[in-house]
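Examination of the molecular architecture
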Amino acid sequence: MSDLASPAHVALTGNRPTGETKWIRSAADVSSLVNNSNESRSNARIVVAIALGGVFLDAYDLGALAFGIKDVTREFNLTPTGTGMVASAITFGAIVGALIGGYLTDKIGRYRVFMADMFFFVVAALACAFAPNEYVLGGARFVMGLGVGIDLPVAMAFLAEFSKLRGQGNKAASVAMWCPTWYAAISISYLLVLLLYAVLPESHTDWLWRLILGFGAVPALLIIAIRSRYMSESPVWAANQGNLQGAAEILQRSYNINAQVADDADLTQSKPVRKASWRNYGALLQGVYRRRTILATVTSIASSFAYNAVAFGLPVIISSFFAQSMLTTILVSLALNLLFAFVGGLLAVRLVPRLGAWKMSVTGYTCQCVALLGLALIGRPEGGEQAAVAIAMLALFLFGQGFGPGSHTMTFASLSYPASLRGVGVGFNQTLMRGSSTVSLFVFPLLVAAFGTGVFWVIFLAPLIGLLALLAIRWEPSGYDVDAEDFN
């Protein structure tokens, strides 16, 4: 038997069901059971939670370095260009990782890629903590970016393929969970900064950025340990490779479905529904997928550019509004992320089954356009009243990000393609999105140095472009059975 039909990994935990037998004869039957079954799926929920681990670490690192970048710049005596290099190194790595990870996710399976990529985080986090110069720090962050880039395509595949099609907790809601997970990680990094800021002696505050970045190895090791016990291969991917027996075992363990391969099923077929190939990246720009790819790509690039500029620069922006202490900056940043970005993300998960990703993205981009226009017009606040309005505009921007594009650009990227194209679809999207992040993180210090708060006029163009793309292409992925396109 070929490698394509080799045994699929099944989680060590989970009870074999004893309910009504569900007979499967094809990969389409497996996809239908995943999409439409109402059985209790406790292990599947755990898989969804574990799949968010890489997202958590990606966001944690961004939030941690946002506070440490001033100390890094001072310790290594960096120019604005050197600061941009260190800040953007992780996204350079993610560009390469996403392109490779998307292909490997479809080629060798979700589980194998998932179990390997977390080691990048462990090695890179420790290297960051002990970096003797900016070159080692930049190189370590590049390695971490490789892990992030490889992880996201497979994470989104798991979120989509371990969730049902409609109702609460559907595929769109599961994928959107990446957004509040991101903001939770950002907030945890802020809390850790606050804790270390409080306990470190003033003479050792230059250790702060090293401790925060190095701490990222701890959750990475925990995720590796949990994944090895609860993760299974995606049953849809396994079935698409011709491995119906492996898919049936995963359905039993992870979904509590008493799935059995029917006697009349064609077990001789080992050819996949669509063979994994680098050429599949070209398929994203053909037929019905062209419009979906354009929409997912434009909205992701726009969202990434605007959010990274604002989120990474948030401590700098707040400190320019309030000429006060580091403690004030930390507390205001934490409050904005928890009360607005995180809450917006939770609402996105809750409401997307009812409202759809398209409407919510339009609303979110509209909020961001209003917020950035307000910040641009205010400029540097004069007095408490203008400062309060500026903070309110930042809050509106972050809420719009969580409620709209922050959650649903990944929904468009993950649910615009069937399982056979999902890895390369998300990988392609992430490659271009990370390119936008790289430009944003690299250019932001230069733009701030050149324009000050006038940088908001530049950032405003990003959500405007995203909004126009949505109005031009009205594609709604939530509730649509895109996996069925593999069998039609």
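Residues numbered from 1 in each chain as written. Predicted model: local features only at pLDDT ≥ 70, side-chain atom pairs only at ≥ 80, totals over all residues. Heavy atoms only, no water.

Focus on the overall build of the chain
Looking only at helices and strands, one finds 21 helices and two strands in the chain. Of all 488 residues assigned to the chain, the portion counted as buried reaches 61%. (Helix = DSSP H or I, 4+ residues; strand = E, 2+ residues; numbered from the N terminus. Buried < 20%, exposed > 50% of the residue type's maximum accessible area, 1.4 Å probe, protein only.)

Remarks on the state of the cysteines
One pass over the structure, following the stated rule, counts zero disulfides. Not engaged in a disulfide, the cysteine Cys 367 finds its nearest cysteine sulfur in Cys 369; these two sulfurs lie 9.5 Å apart. (Disulfide = S-S within 2.5 Å.)

Concerning helix α12 (residues 244-255)
With 12 residues, α12 should cover 16 Å at 1.5 Å per step; its first-to-last C-alpha distance of 15 Å lies within 8% of that length. Listing the buried residues of α12 in full gives Leu 244, Gly 246, Ala 247, Ala 248, Ile 250, Leu 251, Gln 252, Ser 254 and Tyr 255. Just past α12, the residue Asn 256 takes up positive phi, approximately 60°. (Expected span 1.5 Å × (residues − 1).)

A look at the environment of Cys 128
For Cys 128, the location among the structural elements is in helix α5 (residues 110-129). Owing to a relative accessible area of 0%, Cys 128 belongs among the buried residues under this scheme. Taking the C-alpha atoms as reference points, Cys 128 and Gly 138, 10 residues apart in sequence, are found 8.3 Å from one another.

Here we look at the confidence of the model for the chain
Of the residues in the chain, 87% reach a pLDDT of 70 or more, and the chain-wide mean stands at 82. Ignoring residues within four places in sequence, the model shows residues 1-6, a span with pLDDT below 50, making nine contacts including any to other chains. (pLDDT = per-residue confidence, 0-100. Contact = heavy atoms within 4.5 Å.)

Quick notes on the packing of aromatic side chains
For the structure on display, the rule yields 10 aromatic pairs. With centroids separated by 5.9 Å and ring planes inclined at 70°, the aromatic side chains of Trp 178 and Trp 182 adopt a geometry described as edge-to-face. Of this pair, Trp 178 and Trp 182 are both found in helix α8 (residues 178-199), four residues apart, which corresponds to roughly one turn of the helix. Residues Trp 178 and Trp 182 agree in their burial class; the two are buried. An aromatic cluster is present here, built from Tyr 103, Trp 278 and Tyr 281 joined pairwise through their rings. The ring of Trp 475 has Arg 292 lying over it, and the distance from NZ or CZ to the ring centre is 4.2 Å. (Phe/Tyr/Trp six-rings, centres within 6.5 Å; stacked < 30°, edge-to-face > 60°. Lys NZ or Arg CZ within 6 Å of the ring centre and 35° of its normal.)

Some thoughts on empty space enclosed by the protein
With the rule as written, the count across this model stands at four cavities of 30 Å³ or more. Here the residues of the lining of the largest cavity sort into 12 nonpolar, 10 polar and two charged. A volume near 60 Å³ is recorded for the second largest cavity. Lining the second largest cavity are 10 residues, with Asp 106, Trp 237, Gln 241, Arg 274 and Ser 420 positioned closest to its centre. Taken together, the elements giving at least two residues each to the lining of the second largest cavity come down to α11 (235-240) and α20 (419-451). Residue composition of the lining of the second largest cavity, by class: four nonpolar, three polar and three charged. (1 Å grid on protein atoms, 1.4 Å probe; cavity = no way out; pocket = protein on both sides within 12 Å on 5 of 7 lines; lining within 4 Å. Points joined across faces, edges and corners; volume = space filled by probe spheres on them. Nonpolar A, V, L, I, M, F, W, Y, C, P; charged D, E, K, R; others polar.)

As for the nonpolar core
Formed by 123 residues in total, the largest nonpolar core has its most connected members in Met 156 and Ile 459. The residues touching Met 156, leaving out its near neighbours within four places in the chain, are Val 55, Val 175, Trp 178, Met 410, Ser 414, Arg 422 and Val 426. (Core = buried A, V, L, I, M, F, W, Y, C linked by side-chain atoms within 4.5 Å.)

Some words on unusual backbone geometry
Positive phi, close to 55°, is recorded for Asn 77, a residue that is not glycine. Within the secondary structure, Asn 77 sits in the loop between α3 (53-75) and α4 (80-107).

Observations regarding the environment of Thr 297
Relative to the helices and strands, Thr 297 is located in helix α14 (residues 289-312). By relative accessible area, Thr 297 is classed as buried at 11%. Placed 112 residues apart in sequence, Thr 297 and Thr 409 show a C-alpha to C-alpha distance of 8.3 Å. Not counting the four nearest positions on each side in its chain, Thr 297 is found in contact with Phe 428, Asn 429 and Leu 432. A polar contact is formed between the side chain of Thr 297 and the backbone oxygen of Thr 293, at a distance of 2.7 Å. (Polar contact = N/O pair within 3.5 Å; in protein donor to acceptor, adjacent residues only side chain to side chain.)

What to know about the pattern of salt bridges
Inspection of the entire model under this criterion finds seven salt bridges. Salt-bridge contacts for Glu 161 lead to Arg 422; the nearest nitrogen and oxygen are separated by 2.8 Å. Residue Glu 161 is found in helix α6 (residues 134-161), and its partner Arg 422 is found in helix α20; the two are separated by 261 residues along the sequence. Of the two residues examined, Glu 161 and Arg 422, each falls in the buried class. One continuous salt-bridge network, built from bridges that share partners, spans Asp 106, Arg 110, Glu 161, Arg 422 and Asp 483. (Salt bridge = Lys/Arg side-chain N within 4 Å of Asp/Glu carboxyl O.)

Concerning the side chain of Ser 31
Mapped onto the elements of the fold, Ser 31 is located in helix α1 (residues 27-36). Not counting residues within four places of it along the chain, the set of residues in contact with Ser 31 comprises Val 236, Asp 483 and Phe 487.

Describing the packing of helix α17 (residues 357-378) against helix α21 (residues 455-472)
Interaxial distance between α17 and α21 falls to 9 Å at its minimum, and their mutual angle equals 160°. In terms of orientation, α17 lies roughly antiparallel with respect to α21. Of the two possible hands of crossing, α17 and α21 adopt the one that is left-handed. Mapping the contact onto sequence places Trp 358, Ser 361, Val 362, Tyr 365, Thr 366, Gln 368, Cys 369, Leu 372, Leu 373, Leu 375, Ala 376 and Leu 377 in α17 and Phe 456, Trp 457, Ile 459, Phe 460, Pro 463, Leu 464, Gly 466, Leu 467, Leu 470 and Leu 471 in α21. Taken together, the residues of the contact of α17 with α21 sort by class into 18 nonpolar, four polar and no charged. (Axes fitted to C-alpha atoms, helices over the stretch in contact; angles between N-to-C directions. Parallel < 35°, antiparallel > 145°, perpendicular 65-115°, else oblique. Left-handed = near helix turned anticlockwise from the far one by under 90°.)

Describing the environment of Leu 394
Position of Leu 394 among the secondary structure elements: in helix α18 (residues 384-403). A relative accessible area of 0% places Leu 394 in the buried class. Along the sequence, Leu 394 and Leu 375 sit 19 residues apart, while their C-alpha atoms lie 7.8 Å from each other.

Structural notes on a nonpolar patch on the surface
Among the surface-exposed residues, Phe 92, Val 96, Leu 99, Ile 100, Phe 142 and Trp 278 lie close enough to one another that they form a single nonpolar patch of about 510 Å² accessible area. The biggest single contributor to the nonpolar patch is α4, with four residues. (Patch = residues over 30% accessible without salt bridge, like charges linked within 9 Å, V, L, I, M, F, W, Y side chains within 5 Å. Areas by Shrake-Rupley, 256 points an atom, 1.4 Å probe, with all protein chains shown as cover.)

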